[in-house]
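# Examining the three-dimensional arrangement
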Amino acid sequence: MKLIVSDTTSLVVLEELGMLSLPCQIFEGVLLPQAVLQELLAGSPTVADQLEQAGCFEVVGLTPSDRLANLLLVLDPGEAEAITLAVERQLPILLDERKGRSVALGLHLVVTGFCGLLTLAVKKKVLPPSHAKTLLDQAVVNGFRLSDKLYTQVSATFVGL
């Protein structure tokens with residue numbers, strides 16, 4: 001995968017872990033809708049500098065559309081814009097929230113989340129499995145929510161890679 005569109009959650013988790021540049025080691029570029037950038041800036045005033053230093057993030061403005069308007073009725077602005085951009089560009093999306101993932105999958109998008117990103121990083125030898133597991137554990141300690149079943153599956157994947 002060369003490009004991916006990102007929603008906010010995975011990037012917030014990565015920033016908290018000091019790993020915001022991780023997607024840049026996996027993808028050639030990460031497209032961020034304007035609403036996602038605004039959500040990131042609301043949570044961390046230094047995130048703009050970190051995104052620039054990472055070197056692969058591109059902020060993209062969207063033209064108002066019926067699709068975007070409809071998505072805004074059921075999703076937050078970051079999710080709605082990220083899904084709209086991914087559909088328009090036919091790109092995969094980095095998205096963690098259950099409702100947003102369901103909508104994205106219904107629109108036939110390839111969806112991954114924070115756990116999938118860690119798995120890709122291990123598969124591409126960007127991270128050793130033990131470091132990916134440490135990051136997953138720290139993300140959970142920091143408040144990242146995932147089911148026990150998914151945690152067990154992802155942890156087992158790191159051991160198997």
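Residues numbered from 1 in each chain as written. Predicted model: local features only at pLDDT ≥ 70, side-chain atom pairs only at ≥ 80, totals over all residues. Heavy atoms only, no water.

With that settled, consider the overall build of the protein chain. Scanning the protein chain from N- to C-terminus turns up ten helices and five strands. Taking 15 Å as the expected radius of gyration for a compact globule of 161 residues, we find that the protein chain reaches 15 Å, a close match to that expectation. Judged by the C-alpha coordinates and their principal axes, the protein chain covers about 45 × 35 × 30 Å. A burial count over the protein chain gives 47% of its 161 residues as buried. Long-range pairs, those at least 24 residues apart, make up 63% of the contacts in the protein chain between residues at least 6 apart in sequence. Counting only carbon and sulfur atoms, one obtains 54% of the accessible surface of the protein chain, whose full area is about 8,200 Å². Side chains of the protein chain carry 12 positive and 17 negative charges; the gap between the two charge centres is 12 Å. (Helix = DSSP H or I, 4+ residues; strand = E, 2+ residues; numbered from the N terminus. Rg over C-alpha atoms; globule rule 2.2 N^0.38 Å. Buried < 20%, exposed > 50% of the residue type's maximum accessible area, 1.4 Å probe, protein only. Contact = heavy atoms within 4.5 Å. Areas by Shrake-Rupley, 256 points an atom, 1.4 Å probe, with all protein chains shown as cover. Lys, Arg positive; Asp, Glu negative; His and termini not counted. Charge placed at Lys NZ, Arg CZ, Asp CG, Glu CD.)

It is worth spelling out the environment of L107 at this point. Secondary-structure assignment places L107 in the loop between α7 (98–106) and β5 (111–112). Residues L107 and Q153 lie 46 residues apart in sequence; the distance between their C-alpha atoms is 26 Å. Setting aside its immediate chain neighbours within four residues, L107 contacts I83 and V87.

Strand pairs in the sheet, formed through backbone hydrogen bonds, run parallel or antiparallel to each other. With respect to topology, five strands assemble into an open sheet ordered β3-β2-β1-β4-β5, the strand pairing being parallel. At either end of the open sheet lies a strand with only one pairing partner, and these are β3 (57–60) and β5. Where strand β1 (residues 3–6) meets strand β4 (residues 93–94), two bridges bridge the pair, whose relative direction is parallel. Across the sheet, residue S6 finds its bridge partner in β4, namely L94. (Pairing = 2+ DSSP bridges.)

For the pair helix α3 (residues 34–43) and helix α4 (residues 47–54), the least separation of the axes is 9 Å and the interaxial angle reads 125°. Here α3 lies oblique to α4, going by the angle between them. Across the interface between the two elements, L37, L40 and L41 of α3 pack against V47, A48 and L51 of α4. (Axes fitted to C-alpha atoms, helices over the stretch in contact; angles between N-to-C directions. Parallel < 35°, antiparallel > 145°, perpendicular 65-115°, else oblique.)

By size, the foremost hydrophobic cluster in this structure holds 36 residues, and its most contacted members are L22, F114 and L118. Of all the secondary-structure elements, those providing two or more residues to this core are α1 (9–16), α2 (22–26), β2 (29–33), α3, α4, α8 (114–123), α9 (129–141) and α10 (148–160). Among the elements that line this core, the one with the most residues is α8, at seven residues. Ignoring sequence-local partners within four residues, the contact set of L118 consists of L22, L127, A132, L135, L136 and F158. Formed by 19 residues, the second largest nonpolar core is a distinct cluster that contains V5, L31, A82 and L95. (Core = buried A, V, L, I, M, F, W, Y, C linked by side-chain atoms within 4.5 Å.)

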